[in-house]
Each structure stands twice: as structure tokens, then as C-alpha cells.
Amino acid sequence: LSFLSTLGMDALKSNGVFASVASANGHAQGEGEVFSVASPINGETVAQLRNASTEQLEQVVADASEAFRVLRTIPAPKRGELVRRIGNLAREYKEALAAVITLESGKITQEALGEVQEWIDVCDFAVGLSRQLHGLSIVSERPGHRMMEQWQPLGPVAVISAFNFPMAVWSWNAMLAFVCGDPIVWKPSEKTPLCALACQMIVDKALATMPEMPKALSQVIIGGRDLGQAICEDKRFPLVSATGSTAMGRSVAQTVGARLGRSLLELGGNNAMIVSPTADLDLAQRAIVFSAVGTAGQRCTTLRRLIAHESIVEDLVARLLKSYPSLRIGDPSVQGTLIGPLIDESSFNRMQHALAAARAQGGEVIYGGERIEQNVPAGGFYVRPAIVRIAHDAPVVHEETFAPILYVLTYSSVEEAIEINNEVPQGLSSAIFTESMREAELFMSAAGSDCGIANVNIGTSGAEIGGAFGGEKETGGGRESGSDAWKNYMRRTTNTINYGGELPLAQGIVFE
Ligand code: UN1
């Protein structure tokens, strides 16, 4: 585990226990119960931590509020300079950071490197943005008046993130929030606390080169559900950004909504790909494999429903049955492995329950689904990705199971395929493979896919950071990362300025 030393993380450990509260101001162990972090690779304990208490949260929030008072007055391009330095350090430490991701989340090295690259990319994006936090200039209906909009820093932002993208999702939020003038308090998944501490080490290094920045602009606090609840209840967070299950997001939305705070939610997906009779099947086949089995089916953008035209479904399935057996499953840190382990045993059990439900609902598991124990590290939950033929309206097909299960469904008209795409409660990502301009445009139109992401001739997963990322319905409605997602982290003021000598009222009201 020399990469932990490379990142300077030894300093975060005393008596074998890692800190649970960390910022450039210092770090401390949690005051709550001890818990262990197991690597999904082999189930071995890689770290011990203690849950942070709500008293510790109190201090963290007080520090974040103090930091906000300073940060909001530092010019945005200067805040961008901090993010530029963070991005340079993420480049420098890319391999070590990726190794922490692989250790804790079980992600294969290629994808872990890709995740750090997402962080680097979003830094570049945020640096540019730091000179482009533009508002509108608006004409006034009154003589001698003008109107304008300004975007101002919002306040401390809480980020609650999941195990499957233990660095990228935080970075989408944090890099934007920093240039927008908001401190971040990050509660990572308890399954990936070392990833969060590693990111904090990078931010601390960048902060050490800019002493004019408030040190508490970035803080990590590690704990369980109670801590998450306390964060959501705290009025000093005008925004809580949460990524994870729909159940978690619903609770965040209710708690934050009850105090009229803002929440930014990126929750479950149940992503589909339509494959038309005109599609380039070679391309479709490759896109399906990456989207369905990449990250062992544990992306929120993972392809879960393949909606294939009845005239090509047999051909497509035959192709998948040919490529699936050659996918190398095993230790994610070994070069050439394409499928690493599931995060833990309960994830494996949920996959088995879903497969049993699929069978009970008339489905047929035509490939995989079982645990693999040969030629893989002992103690990890490695599975052969499953392919299931089933009806589009079987209840299990409408649920998100965070594991590599691909349901193969069929359709006869493109309108029907779009209806199937849209009939689930989730609305994150979707794709169509077609050579028909009409089908592609229909799919992207108002009468097309109801998802936040609607792709043509590429898979459902692996979005670039430049676009707004997120989706509708039970996916939670939030948009993060590119486009104008930065507006989530700012408050808008409308200013009307009178430069004349009269005081005309709007709407022509006479009041004398
Ligand atoms: C997630 O799974 O929470 O589009 C995020 C993708 C990645 C991000 C996934 N860029 O698959």
C-alpha cells in the first residue's frame, strides 16, 4: 500500500486508526464507534476509522461558515487559481490516487485512472469558468433605469457521495463550488473513506501554496446515517448535493426541503439502449459490453435494459454470448482484467435476489449470474455478468439492481421502443443505435427519451464532464459537472439601477 504513503496519508493515522475529520487546519479521529474498511478485492481490512460525532460536525460547520466569509470576497479567478493547482497535483499523483480507488471500490485500473482524469478535466473546466460566472444585462421598461443579474457565492455546500465514483462525483461538486466561492463539507461513503482522505491531502497540498485562502474551504467528515441526517437538517448548508440510492435521495430531499434548503440529487438509473434494425451491430455490440459490464455494472449509468428490434435480437444476443465469455474477470489491479469484484456480499445477495425474481417473473437467465471463485482473489465477490431474456414489464426490470445484469427486451416499432425506454421510474441515461436520421431525431425530441442523457450510437455510460450530468423522475432532477451546472452553487441577485432624476414605478402605477 505504498501509494498511501506517496499521498502522505501516514500522517492521518495514529494507533492504527485513520482520521475521520480532516482539513488543512488539521485532522482528528472520530468520536464514535470504530469501523473497518474492507477491500472488495479480497475482503481484507485495509483501514480502521471511527464514526465522527454530531459534535464534531458542529465544529466542521462552524469552520466552513467562517471560511465562507473570507472565500466569498476572494475574486473568482483567484479561486480558480487554487483549482488549477489542485488539478496539477491530481495529474502528478494520478497513479497513486487511482490505486486508492481500485483498493477501496474494486474498480479496474483503467477505469480508476479514468476517474482521476474526470477530476482533472473538471478542474480545467472550473478554472475557465472562474472567469465566466456571467449574469445577464436586461433592459428596463422605465426611463433612466437598467437591470442586471449577478451570481454570488451561496454558502457552505455539503456533498454526500457513493462508493462507485469515490473521487469524481465529489470533484464535480467541489471544483465548481470552490470557483463559485463556496466551502465544501464532504461526507463520503463509509466504504471509501480513504479515497476522500486522499483527495483532501491533494487539496491541502494546493492550499499550502496559497496561504491567503481560508483553510477550512475543504473538509472531510466520515460517519454514518446519523451524520448524514444531521447534515441535511443543518440550516447552515444552503445546498446539499447527494449521490446514491433513490431511497437515500428521497430522505435527503424531504429533510432539506422541510427547511426550504436546496438539494442537488443524482440518484438511481435504469438505463436502456434501443437497437434498431438499421443499427451498426459491430458498434452496438462494443457499446453494450462496456456499458453493461464496465465497473462490474456498478455505475449509475450502467446499461440495464437492452431494447432490441425483434428482427435483430437473435443476432445481437448471439454476438453478446460470443463476447461475454472472453471478458477477463478478476483482480482489478491486474492489467487486462475488465471486470472486478462487486463492492460486497450484500451487493452479491441483491444480485442473486434479482435473478431469482427474474426467473419467477418468467425470465430466462441465458448467461452468467453466478459467483466465480476460481482464478480470482479469495474473499472477493466476483460474478459472471448476467444476460436475461424477459418481458419489458416484468417488475424486476423496473428496479435498479446495482450489479451486472442485462435484461434483453424486444420491440417492433420505434414508438413502442421509446415507450419501453420511458416506462421505468428512473430517468438518467439512454441511448439509441440507429443509422436512421428519423429514429435518432425522434429519440432526442420532445416525444423521445425522457432521460437527462439521450445518446445516439454510443452507450449509456461514460459521459464527458462538459455536459450537464443527471436525470429526471426518481433520478432526482439534479444536473452536475458541465454546462451551466455551476448555477446550483450560486445565488442569483437581480439588480435594478435608477440613474435618472425621476422615480417612475413599474407597471405604470401612479402613487401620489
Ligand atoms: C455515477 O455512476 O455516479 O457517465 C457517475 C459515467 C461517469 C459518471 C458516472 N462519467 O458513467
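From a predicted model like this one, the values you see are computed outputs, not experimental measurements.

> Describe the overall build of the chain, and please don't skip the residues or the numbers.
The helix and strand inventory of the chain stands at 14 helices and 27 strands. Radius of gyration (C-alpha) of the chain: 24 Å, near the 24 Å computed for a compact globule of 512 residues. Summarising its shape, the C-alpha atoms of the chain cover approximately 75 × 65 × 40 Å along the three principal directions. Across the chain, every contact between residues at least 6 apart in sequence was considered, and the portion connecting residues at least 24 apart equals 72%.

> Pulling in residues and values, what's your account of unusual backbone geometry?
Of note in the backbone geometry, Ser481 takes a positive phi value of approximately 70° without being a glycine. Its location among the elements puts Ser481 in strand S26 (residues 480-481). Overall, Ser481 belongs to the buried group, with 27 C-beta atoms counted inside 10 Å.

> Explain the nonpolar core to me, using residue names and the numbers behind them.
If you look at the biggest cluster of nonpolar residues, it comprises 155 residues, and the most contacted ones within it are Leu197, Ala198 and Leu306. Residues contacting Leu306, with those up to four places away along its chain left out, are Met273, Val275, Ile288, Leu406, Tyr407, Val408 and Leu409. Counting six residues, the second-largest nonpolar core is a separate cluster that includes Cys300, Cys451, Ile453 and Ala463.

> So what's going on with the sheet that holds strand S27 (residues 490-498)? Which residues, and what values?
Read across the open sheet, the three strands follow the order S7-S8-S27; overall the sheet is antiparallel. Each edge of the open sheet carries a strand with a single partner, namely strand S7 (137-139) and S27. Shown here is a sheet whose adjacent strand axes are inclined to one another by a mean of 25°, direction ignored. With three bridges connecting them, S7 and strand S8 (residues 145-153) associate as antiparallel partners. Residue pairing across strands places Val139 opposite Arg146, the latter belonging to S8.

> Could you give me a rundown of the sheet that holds strand S9 (residues 157-160), with the residues and numbers involved?
Strands sit in the order S4-S3-S11-S10-S9-S12-S13 across an open sheet of seven strands; the sheet is mixed. Whereas interior strands pair on both sides, the edge strands pair on one side only; in this sheet they are strand S4 (26-28) and strand S13 (262-266). The mean inter-strand angle of the sheet, taken between neighbouring strand axes irrespective of direction, is 15°. The pairing of strand S12 (residues 239-243) with S13 spans five bridges and is classified as parallel. Pairing of Leu239 across the sheet is with Arg262, part of S13. Strands S9, S12 and S13 of the sheet are contacted by helix H9 (residues 246-258), whose axis makes an angle of about 170° with S13.

> Requested: an account of the UniProt feature "domain: Aldehyde dehydrogenase" (unreviewed entry) in the chain, with residues and values cited.
Within the UniProt annotation, "domain: Aldehyde dehydrogenase" (unreviewed entry) is assigned to residues 30-493. The span residues 30-493 carries 38% helix and 21% strand; its end-to-end C-alpha distance comes to 39 Å.

> Mind laying out the UniProt feature "active site" (unreviewed entry) in the chain, listing which residues take part and the relevant values?
Per the UniProt record, the feature "active site" (unreviewed entry) sits at Glu266. Locating Glu266 in the fold gives a position in strand S13. Residue Glu266 is classed as buried on the basis of its 29 C-beta neighbours within 10 Å. Look past the residues within four positions of Glu266 in its chain and what remains in contact with it is Thr243, Cys300, Gly470, Thr475, Gly476, Gly478 and Glu480.

> So what's going on with the pairing of strand S15 (residues 303-309)? Residues and values would help.
Most of S15 sits inside the fold, with seven of its seven residues counted as buried. Where strand S14 (residues 271-275) and S15 come together, five bridges link them in parallel fashion. Looking at S15, one finds that Val275 is bridged to Ala308. This β-α-β element, S14 to helix H10 (residues 281-293) to S15, shows right-handed connectivity. When S15 meets strand S20 (residues 405-411), the two strands line up parallel, connected through five bridges. What sits directly across from His309, in S20, is Tyr411.

Conventions used here
Residues numbered from 1 in each chain as written. Predicted model: local features only at pLDDT ≥ 70, side-chain atom pairs only at ≥ 80, totals over all residues. Helix = DSSP H or I, 4+ residues; strand = E, 2+ residues; numbered from the N terminus. Rg over C-alpha atoms; globule rule 2.2 N^0.38 Å. Contact = placed C-beta atoms within 7 Å. Buried ≥ 20, exposed ≤ 12 C-beta atoms within 10 Å, placed from the backbone. Core = buried A, V, L, I, M, F, W, Y, C linked by C-beta atoms within 7 Å. Pairing = 2+ DSSP bridges. Axes fitted to C-alpha atoms, helices over the stretch in contact; angles between N-to-C directions. UniProt positions renumbered as here; feature names shortened; annotations may be inferred. Right-handed = clockwise from strand over helix to strand, strands pointing away.

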